[in-house]
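What follows is each chain in one-letter form.
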Number of protein chains: 2
Amino acid sequence: MLQDQLQNKINSKTKPLGALGMLEEIALQVGLIQQTTQPFIARPTIMVFAADHGIATTGLVNPYPQSVTAQMVLNFLKGGAAINVFTQMHQLKLLVVDAGVNADLSHLNQPDFIHAKQGMGTSNYLLSLAMTNDFVLGSIEKGKELVKIVSQGGCNCIGFGEMGIGNTSAAALIMHAITRIPIQECVGRGTGANDEQLSTKINTLEKVVALHQLQHLGNEPLKLLSAVGGFEIAMMVGAYLAAAAEKMVIVVDGFIATAALLVACQIEPMVMNNCIFAHCSDEQGHAKMLQFLKANPLLNIGLRLGEGTGAALAIPLIESAVAFLNQMASFEQAGVSTATE
Amino acid sequence: MLQDQLQNKINSKTKPLGALGMLEEIALQVGLIQQTTQPFIARPTIMVFAADHGIATTGLVNPYPQSVTAQMVLNFLKGGAAINVFTQMHQLKLLVVDAGVNADLSHLNQPDFIHAKQGMGTSNYLLSLAMTNDFVLGSIEKGKELVKIVSQGGCNCIGFGEMGIGNTSAAALIMHAITRIPIQECVGRGTGANDEQLSTKINTLEKVVALHQLQHLGNEPLKLLSAVGGFEIAMMVGAYLAAAAEKMVIVVDGFIATAALLVACQIEPMVMNNCIFAHCSDEQGHAKMLQFLKANPLLNIGLRLGEGTGAALAIPLIESAVAFLNQMASFEQAGVSTATE
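Residues numbered from 1 in each chain as written. Chains lettered and ligands numbered in written order. Predicted model: local features only at pLDDT ≥ 70, side-chain atom pairs only at ≥ 80, totals over all residues. Heavy atoms only, no water.

### Overview of the sheet that holds strand β5 (residues 249-252) of chain B
Residues and elements named next belong to chain B. Reading across the sheet, the six strands line up as β3-β2-β1-β4-β5-β6 and stay open at both edges, with parallel pairing between neighbours. Every interior strand has two partners, whereas the edge strands, β3 (113-115) and β6 (275-277), have only one. On average, adjacent strands in this sheet sit at an angle of 25 degrees to one another, irrespective of strand direction. Pairing between strand β1 (residues 45-51) and strand β2 (residues 93-100): seven bridges, direction parallel. Bridge assignment links T45 to a residue of β2, and that residue is K93. On the sheet, helix α10 (residues 231-245) packs against β1, β2, β4 (157-163) and β5 and is oriented at approximately 175 degrees with respect to β4. (Pairing = 2+ DSSP bridges. Helix = DSSP H or I, 4+ residues; strand = E, 2+ residues; numbered from the N terminus. Axes fitted to C-alpha atoms, helices over the stretch in contact; angles between N-to-C directions. Contact = heavy atoms within 4.5 Å.)

Pasting the structure below:
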């Protein structure tokens, strides 16, 4: 049916069969998401969710101080971060969301900044739950609501990025709980821990695994978010769910964004149908997360920055895939001879 | 010196050290090519060299008829091919060069089409040399001349593509002679040979290796081109040499484009300093060619189309690398705290 029509259209183009590799798979996928043989990418957008993590204040998991989260939000709003450069270069819309930064940002008033603060960072999960179930549900709802608004604004292709000092730890814990891969293989250097810091990070997260009995939360996405999640991660879970419901093309960024996707897929496995994987991060653990999801990323260029930068860099490839499907001539149109068997 | 200044500038940006992976290496490389800490990409261009190969008329090496080369040139000029779509999408200039297509194209008159025909295709190298030494020298000179003109027009970033039915055979023979990798490992399916066609292609090229004693031509680039080269390949050799001399950023496409680079590097090894490798092609042999050159490609997405399509798709990544170097804020500028050791 539609799948065959799309494949025939791809095969009719003036190129050897299959010669555009993964771009052909993406053209097919976007056609299926949009249920048309003439798909299009409209107002591609990167939403960066920022929040703080209580664990970061302990200094046990990260070399940067927690204040960097708020400082980087200001950097986003002034246009100085990597994601600003890449979204501007590739003509993507950038939205920054305060999901729970531990700083009062209420005075900041510009159209690309969304106030959705759930709290002044999560609680330290070495001592308690990161957040109550109400906050989990509230964050997910808010993420859904925000993406619905973006969709209603005409965007049909979205990537989610994040900023949050300490959030590779939350992502590693989530990965461990859901994939059952040993925690040591889930934990990486994050923003750049040295060997000693990495060792402390692993030891700390092993304690968290035991404290919250994460081995029992692999099929309990809401409880898992409550135990070790972050406001930005929970909000991204809602964002993925709404983006799939709105039939958007979802461009999946790196380690933390993929951890949020793991949770979203537990709630609604069909989300995967809408996902295109932008890149394989250099953060240890991401490659195994992608394997777990049977995902084949577009880029493998050693990125480990977050902010949605990998998604932003991959969108031109996705646009290229859709463009060849719509714009290339067929053998018949161009009067080009086909292969002889 | 400059290298340190560039590295310091990269490291000062508001991101963890090294977090932009290969984009950081490219920013450094482009700075070194242009000898500045503020490099820029101007008028990025794809030049597609088209020519025919005598061997193609035998039907022994390719499933498509030779007439497809000319048909595809017409498709390029009408805007219907993959390279048209990608250059348009990414705002690249496209130039098409008749280096030696076996069809009279002299009536075609449009500014993006360059008449540089060296002959009506090469001779069949199963019977004789593909071309005389004079044609080798003439093709190389023409390639140099054309790239100099493009450089004088303000372009400082160029990728070379090709179209020529049968030219994966010439590329495999060149690869075998220079890398000394067994011919069977150099030969691939090209535009899509089936198992039987592939077997015939390998048998045919084994005969060519013996006939022209290619084992003695690994350090004789001009004789090698004379024996088994193509007009488009020889012209690309000149194009690489001139692009490096003009201090351009060279974006290296797939199997045939890299074979031409192998030859160019024998004439002038410094060409490599200017090369950024766009992608690893799905054409068997390209990965080993890249290994031989110690090259690390940006994309690995199963492309095997030629036409410079891989180069066109990689240029947005190169532009992104240069943009982050110029546009991102430093920690100091943005007031962001750095890591604690």
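### Topic: the relation of the copies chain A and chain B
With an RMSD of 0.0 Å, the fit of chain A onto chain B corresponds to turning through 180 degrees and sliding 0.0 Å along the axis. Interpreted geometrically, this transformation is the action of a two-fold axis. Among all C-alpha atoms of chain A, that of A:L299 lies closest to the rotation axis, at 3.1 Å. (Least-squares fit on C-alpha atoms with pLDDT ≥ 70 in both.)

### Some words on the sheet that holds strand β3 (residues 113-115) of chain A
All names here are of chain A. The sheet built from six strands is open, its strands ordered β3-β2-β1-β4-β5-β6 with parallel pairing. Two strands bound the open sheet, and with one partner strand each, they are β3 and β6 (275-277). Strand-to-strand twist across the sheet, computed as the mean angle between neighbouring axes with direction ignored, equals 25 degrees.

### Brief notes about the packing of aromatic side chains
Per the counting criterion, the structure on display carries seven aromatic pairs over all chains. Both rings, one in B:F135 and one in B:F231, keep their centres 5.8 Å apart while their planes meet at 55 degrees; by these two values the pair is tilted. Here B:F135 is found in helix α5 (residues 133-152), whereas its partner B:F231 is found in helix α10, with 96 residues between them in sequence. Assessed through its relative accessible area of 36%, B:F135 is described here as partly exposed. Taken together, the ring pairs connect A:F49, A:F160 and A:Y240 into an aromatic cluster. (Phe/Tyr/Trp six-rings, centres within 6.5 Å; stacked < 30°, edge-to-face > 60°. Buried < 20%, exposed > 50% of the residue type's maximum accessible area, 1.4 Å probe, protein only.)

### Regarding the interface of chain A and chain B
The parts lose accessible area when they come together, and the size of an interface is often stated as this lost area. Each partner contributes to the interface: chain A provides 58 residues, whereas chain B provides 58 residues. Buried surface at the junction of chain A and chain B, summed over both partners, amounts to about 4,500 Å²; 62% is from carbon and sulfur atoms. Among the residues chain A hides against chain B, the three largest losses belong to A:P16, A:Y64 and A:I301. Together they make up 12% of the total. On the surface where chain A and chain B come into contact, there are zero salt bridges. Those elements that provide at least two residues to the side of chain A that touches chain B are α2 (22-34), α3 (67-78), α4 (82-89), α13 (309-327) and α14 (331-334) of chain A. (Buried area = accessible area lost by both parts, 1.4 Å probe. Salt bridge = Lys/Arg side-chain N within 4 Å of Asp/Glu carboxyl O.)

### Focus: the environment of A:Y64
Summarising the element assignment, A:Y64 is placed in the loop between β1 (45-51) and α3. Of the residues examined, A:Y64 reaches a relative accessible area of 9% and is grouped as buried. The contact partners of A:Y64, leaving out residues within four places of it in the chain, are A:I165, A:T191, B:K15, B:P16, B:F331, B:S337, B:T338 and B:A339.

### What about the packing of helix α6 (residues 167-179) of chain B against helix α11 (residues 255-267) of chain B?
All names here are of chain B. Taken N-terminus to C-terminus, the directions of α6 and α11 make an angle of 40 degrees; their axes are 9 Å apart at the nearest point. If you check the angle between α6 and α11, you find them oblique. Two packed elements cross with a definite hand, and for α6 against α11 that hand is left-handed. Where α6 approaches α11, its residues N167, T168, A171, A172, I174, M175, I178 and T179 are matched on the opposing element by F255, I256, A259, L262, V263 and Q266. Residue classes in the contact of α6 with α11 are distributed as 10 nonpolar, four polar and no charged. (Parallel < 35°, antiparallel > 145°, perpendicular 65-115°, else oblique. Left-handed = near helix turned anticlockwise from the far one by under 90°. Nonpolar A, V, L, I, M, F, W, Y, C, P; charged D, E, K, R; others polar.)

### Regarding the packing of helix α1 (residues 2-12) of chain A against α13(A)
All names here are of chain A. Running from amino to carboxyl end, α1 crosses α13 at an angle of 80 degrees, the nearest separation of the two axes being 9 Å. What the angle tells us is that α1 and α13 run roughly perpendicular. On α13, the residues that touch L6, K9 and I10 of α1 are F324, L325 and N326. Within the contact of α1 with α13, the residues separate by chemical class into four nonpolar, one polar and one charged.

### Some remarks on a nonpolar patch on the surface
There is a patch of nonpolar side chains on the surface, built from A:L137, A:L222 and A:I267 and spanning about 210 Å² of accessible area. Mapped onto the elements of the fold, A:I267 is located in helix α11 (residues 255-267). (Patch = residues over 30% accessible without salt bridge, like charges linked within 9 Å, V, L, I, M, F, W, Y side chains within 5 Å. Areas by Shrake-Rupley, 256 points an atom, 1.4 Å probe, with all protein chains shown as cover.)

### A closer look at the nonpolar core
Counting 132 residues, the largest nonpolar core has A:L298 and B:L298 as the members making the most contacts within it. If near-sequence neighbours (up to four positions away) are discounted, A:L298 is found in contact with A:M22, A:I26, A:I276, A:F277, A:A278, A:H279, A:A314, A:L317, A:I318 and B:I301. (Core = buried A, V, L, I, M, F, W, Y, C linked by side-chain atoms within 4.5 Å.)

### Observations concerning the pattern of salt bridges
Residue and element names in this part refer to chain A. Considering all chains together, one arrives at 12 salt bridges over all chains under this definition. Ionic pairing is found between K15 and E24, a salt bridge with its closest N-O pair at 2.9 Å. On the basis of relative accessibility, which here comes to 3%, the residue K15 falls in the buried class. Among the ionic pairs, E185 bridges to K288, the shortest N-O distance being 2.6 Å. Taken together, the residues span a long stretch of sequence, with E185 in helix α7 (residues 183-186) and K288 in helix α12 (residues 286-292) at a distance of 103 residues.

### Some points on the pairing of strand β2 (residues 93-100) of chain A
Residue and element names in this part refer to chain A. Most of β2 sits inside the fold, with seven of its eight residues counted as buried. Pairing geometry for β2 and β3, over three bridges, is parallel. Looking at β3, one finds that D98 is bridged to H115.

### Re the pairing of β4(B)
Residue and element names in this part refer to chain B. Here β4 lies mainly inside the structure; seven of its seven residues are buried. A two-sided burial pattern is seen for β4, the buried positions comprising C157, G159, G161 and M163 on one face and I158, F160 and E162 on the other. When β1 meets β4, the two strands line up parallel, connected through six bridges. Across the sheet, the residue bridging to M47 is F160, located in β4. Where β4 meets β5, four bridges bridge the pair, whose relative direction is parallel. Its bridge partner being in β5, F160 is matched across the sheet by V252.

### Section: unusual backbone geometry
Among all residues except glycine, the phi angle is most often negative; among peptide bonds, the trans geometry is most common. Residues and elements named next belong to chain B. The phi angle at Q35 is positive, at roughly 55 degrees, despite the residue not being glycine. Along the chain, the position of Q35 falls in the loop between α2 (22-34) and β1. The exposure class of Q35 is exposed, given its relative accessible area of 57%.

### Description of the side chain of A:N75
Looking at the element boundaries, A:N75 is found in helix α3. By relative accessible area, which is 3% here, A:N75 ends up buried. Excluding anything up to four places from it in sequence, A:N75 contacts A:G80, A:A81, A:N84, B:T14, B:A329 and B:A334.

### Section: the side chain of A:D52
Residue and element names in this part refer to chain A. In this structure, D52 sits in the loop between β1 and α3. In this structure, D52 is buried with no salt-bridge partner, the nearest side chain bearing the opposite charge being K117 at 7.1 Å. Polar contacts involving the side chain of D52 include one to the main-chain amide nitrogen of N102, which spans 2.7 Å. The contacts of D52, once residues within four sequence positions are left out, are Q66, T69, G100, V101, N102, G121, T122 and I165. (Lys, Arg positive; Asp, Glu negative; His and termini not counted. Polar contact = N/O pair within 3.5 Å; in protein donor to acceptor, adjacent residues only side chain to side chain.)

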